[in-house]
Amino acid sequence: MEQLKTIGRELAMGSQGGFGQSKEFLDLIKSIGETRSKAEEDRIVLREIETLKSRLSSPNTPKFKLKEYLIRLLYVEMLGHDASFGYIHAVKMTHDENLLLKRTGYLAVTLFLNEDHDLIILIVNTIQKDLKSDNYLVVCAALNAVCRLINEETIPAVLPQVVELLGHQKETVRKKAVMALHRFYQRAPGSVSHLISNFRKRLCDNDPGVMGATLCPLFDLIMTDVDSYKDLVISFVNILKQVAERRLPKSYDYHQMPAPFVQIKLLKILSLLGSGDKKASEQIYTIVGDIIRKSDSTSNIGNAILYECICCVSSLHPNPKLLEAAADAISKFLKSDSHNLKYLGIDALSRLIKISPEIAEQHQLAVIDCLEDPDDTLKRKTFELLYKMTKSSNVEVIVDRMINYMISINDSHYKTEIASRCVELAEQFAPSNQWFIQTMNKVFEHAGDLVNSKVAHNLMRLIAEGFGEDDDAVDSQLRSSAVESYLQIMGEPKLPSAFLQSCILVLCVCVCGLFNFFIYLFYRSFVGSWGNMGLQMENILPHILPGNCVTWQRLIRQMT
Amino acid sequence: MGIRFVLMVNKQGQTRLAQYYEYLNIEERRTLEGEIVRKCLARNEQQCSFVEHRNYKVVYRRYASLFFLVGVDNEENELAILEFIHLLVETMDRHFGNVCELDIMFHLEKAHFMLEEMVMNGCIVETSKANILSPIQLMDKAA
């Protein structure tokens, strides 16, 4: 079936004239599609590069041919090769009068170049001109380009025109002008600080597209300065109400949900505005409750909105009825067969934990299932939940699990993250010093290279100075158990060297704890070379603490 | 609110469309695309449609031979992005009629134009299929 369709399309294309693609293009696409190895693909692309280099350097190429070459250049880069020899042609194409050619030129430039590229300066003039065009589609093409290519330096060149376009008669122009202004705000907030009121105005635009677009910059603004926008809570609630009551045109429906992506944006904004603010929250409760009640849990998008509602509820000032509704929704997510919904359920659970800690208890079994699921994404999410659920009564079990998981991870970025979490939880909730040392040792053993060395030094200082125990017997017992465990670990063949070094230092500190002078000495030699350190220890220590001579000799032998 | 990139990559790891909202050079893109496709290929259909990658997330959805991959910041609603991918496919479907990988290959710029209407500054700005396709249809007519 696929093959028939392919042949059909090829026939259709072959019959097209100048605006269709050439046979050469078709052949290129076909050959790229049929390659079975990277080497083969590279050969084709390199050949294509040579072809394009010669074609592009010859004068008087018809414009639509040039367009095709540009697209072929896009392919070259998409397949991982450099096409910078052709960038200037993309720039030139943006000057063209023909809309399709111009837009293709802009597209190519936005894909090839980043905003700081030298060639951008050649386009700014074109953009300025196009922003003033009578053809609104040309204006739109220019606004698209503004959002990709204008940086802090070039903002002044286009700002006045963009502001004017905020009042353009065509809604699609206004929408893109809003996003252009958003772009300026992202790149240089100061450049538009006097224009912020425009975002408020466009929020009330007749066109839902413009209104919806305005939510993007407003979200960013509210994130940085929530208090200045509290007066808009009522407006946002009203807009959300209108959307949920299906008063937007049907073309914004998606799978029977009215403008769901707009609803989600609004819910995110309301979460920000209601967070930690009882009065603002009270204005939001009703609409969120309504949306939860009317939600469609049979479709993905319906569940996406429901999930967003739960997130909103968890940031608003606590409302028992809403919390109950949220808990019900979470139950359904966790009971679902869909891993996506389980994932959202776990995420929502970790948000509600702060407000209703008991909710975790209710879903213990479901949480454990997720923890043991082979799906790595779900597992990770569940560990995040566990991290938030940890207290002194369950820290041992949780950290134990986390460490086991950490050992199984290959990705060093993630391993570091889990290791830091383990350390954090151990430091915060450790039920006993013994457990604390053992746990930290395990973390160092398996992720020693990744953990911040500061953590290791803190641990050592803790052991050296004691844990502030008044009972000397307990303290020295602690130290000797630490020494024992380190000696044991050092006996193992494969250890990250950073950890080995930490062990040695701790041992030295433990044994010579009372002799600060020696600590200093050992630290000095530790920072120096192994040989030095061994020598120092060998010479000095046995005289100070003869009882531990055997221990030290063992240690030195292992080091050298 | 951040979409970092939208990719269409087939299961052989060949990129069919790449739109980055935060600039990466060619080498970085190649590495990223390879890594992500490998991660997604290692997962089965029952598992989540989301993977964590570095310090952000990738929402992915497979249609026949093609993976649609959207990189998003951690604050994004993953399920909504999953449906955004579907909306994109439905939109392309409406324009191309039963869209397939070849359509995207033969009409790469059109696919990009559609995406340009839908996402700006890494935010979803247009979700009405009529509004997304109208500039493209008008351009076709004028050409």
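Residues numbered from 1 in each chain as written. Chains lettered and ligands numbered in written order. Predicted model: local features only at pLDDT ≥ 70, side-chain atom pairs only at ≥ 80, totals over all residues. Heavy atoms only, no water.

Chain B is annotated in an unreviewed UniProt entry as AP complex subunit sigma from Penstemon smallii. Entered under Subcellular location (unreviewed entry) in the UniProt record, the comment concerning chain B runs "Endomembrane system". The UniProt entry for chain B carries the following comment under Sequence similarities (unreviewed entry): "Belongs to the adaptor complexes small subunit family." (UniProt positions renumbered as here; feature names shortened; annotations may be inferred.)

In the nomenclature of an unreviewed UniProt entry, chain A corresponds to AP-4 complex subunit epsilon from the organism Penstemon smallii. You can read under Subcellular location (unreviewed entry) in the UniProt record for chain A the words "Endomembrane system". In the Function (unreviewed entry) part of its UniProt record, chain A is described as follows: "Subunit of novel type of clathrin- or non-clathrin-associated protein coat involved in targeting proteins from the trans-Golgi network (TGN) to the endosomal-lysosomal system."

Engineer: Which residues make up the overall build of chain A, and what values go with them?
Structural biologist: Counting its secondary structure elements, chain A contains 30 helices and two strands. Pairs at least 24 apart in sequence give 61% of the contacts found in chain A among residues at least 6 apart. Here chain A displays about 25700 Å² of accessible surface, and carbon together with sulfur accounts for 52% of that area. (Helix = DSSP H or I, 4+ residues; strand = E, 2+ residues; numbered from the N terminus. Contact = heavy atoms within 4.5 Å. Areas by Shrake-Rupley, 256 points an atom, 1.4 Å probe, with all protein chains shown as cover.)

Engineer: Lay out the overall build of chain B in plain terms, naming residues and giving numbers.
Structural biologist: A count of helices and strands for chain B gives five helices and seven strands. Its helices and strands in sequence order give chain B the pattern β-β-α-β-β-β-α-α-α-β-β-α, from N to C terminus. In terms of C-alpha radius of gyration, chain B reaches 15 Å, essentially the compact-globule figure of 15 Å for 143 residues. On the principal axes, the C-alpha backbone points of chain B span a range of 45 × 35 × 30 Å. Within the span of chain B, comprising 143 residues, buried residues form 68% of the whole. Here chain B has roughly 4700 Å² of accessible surface; of this, 45% comes from carbon and sulfur atoms. Computing the positive centroid from 16 side-chain charges and the negative centroid from 21, chain B places the two 5 Å apart. (Rg over C-alpha atoms; globule rule 2.2 N^0.38 Å. Buried < 20%, exposed > 50% of the residue type's maximum accessible area, 1.4 Å probe, protein only. Lys, Arg positive; Asp, Glu negative; His and termini not counted. Charge placed at Lys NZ, Arg CZ, Asp CG, Glu CD.)

Engineer: With reference to specific residues and values, describe the packing of aromatic side chains.
Structural biologist: Residue and element names in this part refer to chain A. Under the counting rule described, the total for this entry stands at nine aromatic pairs over all chains. Between Y254 and F261 the ring centres are 5.9 Å apart and the planes differ by 50 degrees, which places this aromatic pair in the tilted class. Given the relative accessible area of 2%, Y254 is considered buried. Ring plane angle 75 degrees and centroid distance 6.2 Å describe the contact between Y405 and Y414, whose orientation is recorded as edge-to-face. Residue Y405 is classed as buried on the basis of its relative accessible area, which comes to 7%. Members of the aromatic cluster, each reached through a chain of ring pairs, are F383, Y405 and Y414. Across from the ring centre of F85, 5.2 Å away, lies the NZ or CZ of K53, which sits over that ring. Positioned above the aromatic ring of Y387, the side-chain terminus of R421 is 4.3 Å from the ring centre. (Phe/Tyr/Trp six-rings, centres within 6.5 Å; stacked < 30°, edge-to-face > 60°. Lys NZ or Arg CZ within 6 Å of the ring centre and 35° of its normal.)

Engineer: Please set out the interface of chain A and chain B residue by residue, giving values where relevant.
Structural biologist: Each partner contributes residues to the interface: chain A has 82 residues there, and chain B has 71 residues. Summed over both sides, the interface of chain A with chain B buries roughly 6500 Å², with 57% coming from carbon and sulfur. Of the charged contacts, one joins R103(A) and E116(B) as a salt bridge, the two residues approaching to 2.9 Å between their closest N and O atoms. Put simply, chain A and chain B have 30 residue pairs in polar contact (both at pLDDT 80 or more) between them. The dominant element in the side of chain A that touches chain B, judged by the number of residues it contributes, is helix α6 (residues 99–112) of chain A, at eight residues. When the residues that make up the side of chain A that touches chain B are grouped by side-chain class, the tally is 37 nonpolar, 21 polar and 24 charged. (Buried area = accessible area lost by both parts, 1.4 Å probe. Salt bridge = Lys/Arg side-chain N within 4 Å of Asp/Glu carboxyl O. Polar contact = N/O pair within 3.5 Å; in protein donor to acceptor, adjacent residues only side chain to side chain. Nonpolar A, V, L, I, M, F, W, Y, C, P; charged D, E, K, R; others polar.)

Engineer: I'd like a rundown of the UniProt feature "domain: AP complex mu/sigma subunit" (unreviewed entry) in chain B, residues and numbers included.
Structural biologist: Here, UniProt's "domain: AP complex mu/sigma subunit" (unreviewed entry) annotation points to residues 3–142 of chain B. Each end of residues 3–142 of chain B is marked by a C-alpha atom, and these two atoms are 32 Å apart; helix forms 47% of the span and strand 26%.

Engineer: Can you lay out helix α1 (residues 26–41) of chain B for me, pointing to particular residues and giving the numbers?
Structural biologist: Between the first and last C-alpha of α1(B) there are 22 Å, a value that for 16 residues agrees with the 22 Å anticipated at 1.5 Å per step. The N-cap of α1(B), judged by a side-chain oxygen 3.1 Å from the amide nitrogen of E27(B) a few residues on, is N25(B). (Expected span 1.5 Å × (residues − 1).)

Engineer: Mind laying out the layout of surface pockets, listing which residues take part and the relevant values?
Structural biologist: Volume-wise, the largest pocket comes out at about 680 Å³. In terms of lining residues, the largest pocket is bounded by 31 residues, among which Y307(A), D347(A), R351(A), N74(B) and E75(B) are the most central. Elements with a minimum of two residues in the lining of the largest pocket: α12 (208–224), α14 (260–274), α16 (300–315), α18 (339–352), α21 (376–389) and α23 (412–429) of chain A together with β4 (56–63) of chain B. Here the lining of the largest pocket is built from residues that sort into seven nonpolar, eight polar and 16 charged. (1 Å grid on protein atoms, 1.4 Å probe; cavity = no way out; pocket = protein on both sides within 12 Å on 5 of 7 lines; lining within 4 Å. Points joined across faces, edges and corners; volume = space filled by probe spheres on them.)

Engineer: Give a detailed account of the state of the cysteines, specifying residues and quantitative values.
Structural biologist: Residue and element names in this part refer to chain A. Tallying each qualifying case throughout the model produces zero disulfides over all chains. Here C140 is not cross-linked by a disulfide; its sulfur's nearest cysteine counterpart is in C147, at 11 Å. Cysteine C309 is unpaired, with the sulfur of C312 as its nearest cysteine sulfur at 7.0 Å. (Disulfide = S-S within 2.5 Å.)

Engineer: I'd like a description of the side chain of E48(A), backed by residues and values.
Structural biologist: If you trace the backbone, E48(A) turns up in helix α3 (residues 38–57). For E48(A), the residues in contact, after removing those within four places along its chain, are L28(A), R72(A) and V76(A).

Engineer: Go over the sheet that holds strand β5 (residues 66–72) of chain B, please, and point to the residues and values.
Structural biologist: Residue and element names in this part refer to chain B. Pairing within the open sheet is antiparallel, and its five strands lie in the order β2-β1-β5-β4-β3. Strands with a single pairing partner mark the edges of an open sheet, and in this sheet they are β2 (15–20) and β3 (50–53). Sheet twist, expressed as the average angle between the axes of neighbouring strands with direction ignored, equals 20 degrees. Two strands pair when backbone bridges link them, and strand β1 (residues 3–10) and β5 are joined in this way by seven bridges, in the antiparallel orientation. (Pairing = 2+ DSSP bridges. Axes fitted to C-alpha atoms, helices over the stretch in contact; angles between N-to-C directions.)

Engineer: So, the pattern of salt bridges: which residues are in play, and what are the values?
Structural biologist: Applying the stated criterion across every chain yields a total of 45 salt bridges over all chains. K250(A) is the salt-bridge partner of D253(A), the closest N and O atoms lying 3.2 Å from each other. The exposed category is assigned to K250(A), whose relative accessible area is 67%. When the shortest N-O distance is used, the salt bridge between K57(B) and E78(B) registers 3.1 Å. Highlighted residues: K57(B) in strand β4 and E78(B) in helix α2 (residues 78–96), separated in sequence by 21 residues. K57(B) sits in the buried class, given a relative accessible area of 5%. With a relative accessible area of 2%, E78(B) lands in the buried category. Through salt bridges that share partners, E24(A), E48(A), R55(A), K65(A), E68(A) and R72(A) make up one connected network.

Engineer: Please give an account of the nonpolar core that cites residues and values.
Structural biologist: The biggest cluster of nonpolar side chains holds 233 residues, and the ones touching the most others in it are F184(A), F236(A), I3(B), L69(B) and M92(B). Sorting elements by how many residues they give to this core places helix α8 (residues 136–149) of chain A first, with twelve residues. Here this core gathers at least three residues from each of two domains, domain 1 (1–112) and domain 2 (407–560) of chain A. The residues touching F236(A), leaving out its near neighbours within four places in the chain, are L203(A), L215(A), L218(A), I222(A), L266(A), I269(A), L270(A) and L273(A). (Core = buried A, V, L, I, M, F, W, Y, C linked by side-chain atoms within 4.5 Å. Domains from an automatic or database assignment.)

Engineer: Tell me about the side chain of D375(A), residues and numbers included.
Structural biologist: Along the polypeptide, D375(A) turns up in the loop between α20 (364–372) and α21. For D375(A), a relative accessible area of 0% puts it in the buried group. A polar side-chain atom of D375(A) sits 3.0 Å from the main-chain amide nitrogen of T377(A). Setting aside residues up to four positions removed in sequence, D375(A) forms contacts with H339(A), R43(B), Q47(B) and C48(B).

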